[in-house]
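As a plain string of letters, each chain reads:
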Amino acid sequence: MEVLLQVLIGGILLGGLYALVAFGLSLIYGVVRILNFAHGTLLAVSGVLASLVFASWQLHPLLIAALLAPLMFACAYAYYHVLLRPLTRRSHFEATVGTVLVTVGTLMILSDLTAMAAGATQRNIPVRLEALEFGDIVVSTTQLLILLGIALLTAMMHVILKRTWFGRAVRAVTQEPVGAEICGVQSTRLKALTFAFGSATVAIAAVLYVLSFPVDPYMGFGLTVKAFTIIVVGGVGNLPGALLAGIFLGVAEGLTGLYWKPEWAPALSVILMLLILVAYPKGVGAKT
């Protein structure tokens, strides 16, 4: 029982981090209508960069996140205007194929460049804090702080999407893009801001991730697949649904590794997504 509870705690922590990755991807797809296959790679690259900064200057993880988020925001904003925006002038088919090629190419380039610059070995931020013991169950203070960070970031994104002009514009474009244009929302600028905002959240999630789990430059595509699965289960733009779906996936992976074979845990997201698509072709929340 103690081992099971320990696995459940780790699964909830991992699932919450998966959900943070899915938040940005869901937001980007809902507004920009782009399946960004390089989204998970942003976490891998940001995690490697965060670990290098910590190893070099011993900065506090919160300060590292505060530095990486605006840097990722600026890079993603420029990336959208330079590489993705020109594709919007093509036909629907050409634009769809083009965005897939551009984002997959970005995934490969970022992974290889990061491996060349920092090596392909796994890295993390080795912060050691006191552990809390509840009988035979041991929970590290780091894990509790990561869970707190996940909760705060989720709440912050909820407030931004519900209470700010940016959030209202995002919801308007998602629900009725033509009506949003009539009301004065500049769709091109909003799409660039949304793409940049969704990418910046990954940088913050990366810092939380490397505090407890190792990262390497080539783990990004697997994270993207998990994020796609969470979006399918939780629904596009549904933050509470994505959080629950992420926790479900993290716990399911932990239980798979405990009761079956650990090597099957990474493939579980693909199997789960295929089963959901077969059972609910229009999505879990779709009306029949």
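Residues numbered from 1 in each chain as written. Predicted model: local features only at pLDDT ≥ 70, side-chain atom pairs only at ≥ 80, totals over all residues. Heavy atoms only, no water.

- Looking at an unreviewed UniProt entry, one finds the chain named Branched-chain amino acid ABC transporter permease, with Limnohabitans curvus as its source organism.
- In its Sequence similarities (unreviewed entry) section, the UniProt record describing the chain reads: "Belongs to the binding-protein-dependent transport system permease family. LivHM subfamily."
- The annotation that UniProt attaches to the chain under Subcellular location (unreviewed entry) is "Cell membrane". (UniProt positions renumbered as here; feature names shortened; annotations may be inferred.)

1. Remarks on the UniProt feature "transmembrane region" (unreviewed entry) in the chain
- Per the UniProt annotation, the sites labelled "transmembrane region" (unreviewed entry) are residues 6-30, 37-57, 63-83, 95-117, 137-161, 192-215, 227-252 and 264-281.
- Along residues 6-30 the backbone is 100% helical and 0% strand, and the end-to-end C-alpha distance reaches 36 Å.
- Along residues 63-83, the helical share is 100% and the strand share 0%, with 30 Å between the first and last C-alpha atoms. (Helix = DSSP H or I, 4+ residues; strand = E, 2+ residues; numbered from the N terminus.)

2. Section: the packing of aromatic side chains
- Inspection of the entire model under this criterion finds five aromatic pairs.
- Both rings, one in phenylalanine 37 and one in phenylalanine 228, keep their centres 5.6 Å apart while their planes meet at 80°; by these two values the pair is edge-to-face. Taken as a pair, phenylalanine 37 in the loop between helix H1 (2-32) and helix H2 (39-57) and phenylalanine 228 in helix H9 (residues 220-234) lie far apart in primary sequence, 191 residues in all. Note on accessibility: phenylalanine 37 and phenylalanine 228 belong to one class, buried.
- Centre to centre, the rings of tyrosine 209 and phenylalanine 213 are 5.4 Å apart; their planes meet at 45°, and the pair counts as tilted.
- On the basis of relative accessibility, which here comes to 7%, the residue tyrosine 209 falls in the buried class.
- Aromatic ring contacts, followed pair by pair, group Tyr79, Tyr80 and Phe195 into a single cluster.
- The ring of tyrosine 29 has arginine 33 sitting right over it, with the charged end atom 5.2 Å from the ring centre. (Phe/Tyr/Trp six-rings, centres within 6.5 Å; stacked < 30°, edge-to-face > 60°. Buried < 20%, exposed > 50% of the residue type's maximum accessible area, 1.4 Å probe, protein only. Lys NZ or Arg CZ within 6 Å of the ring centre and 35° of its normal.)

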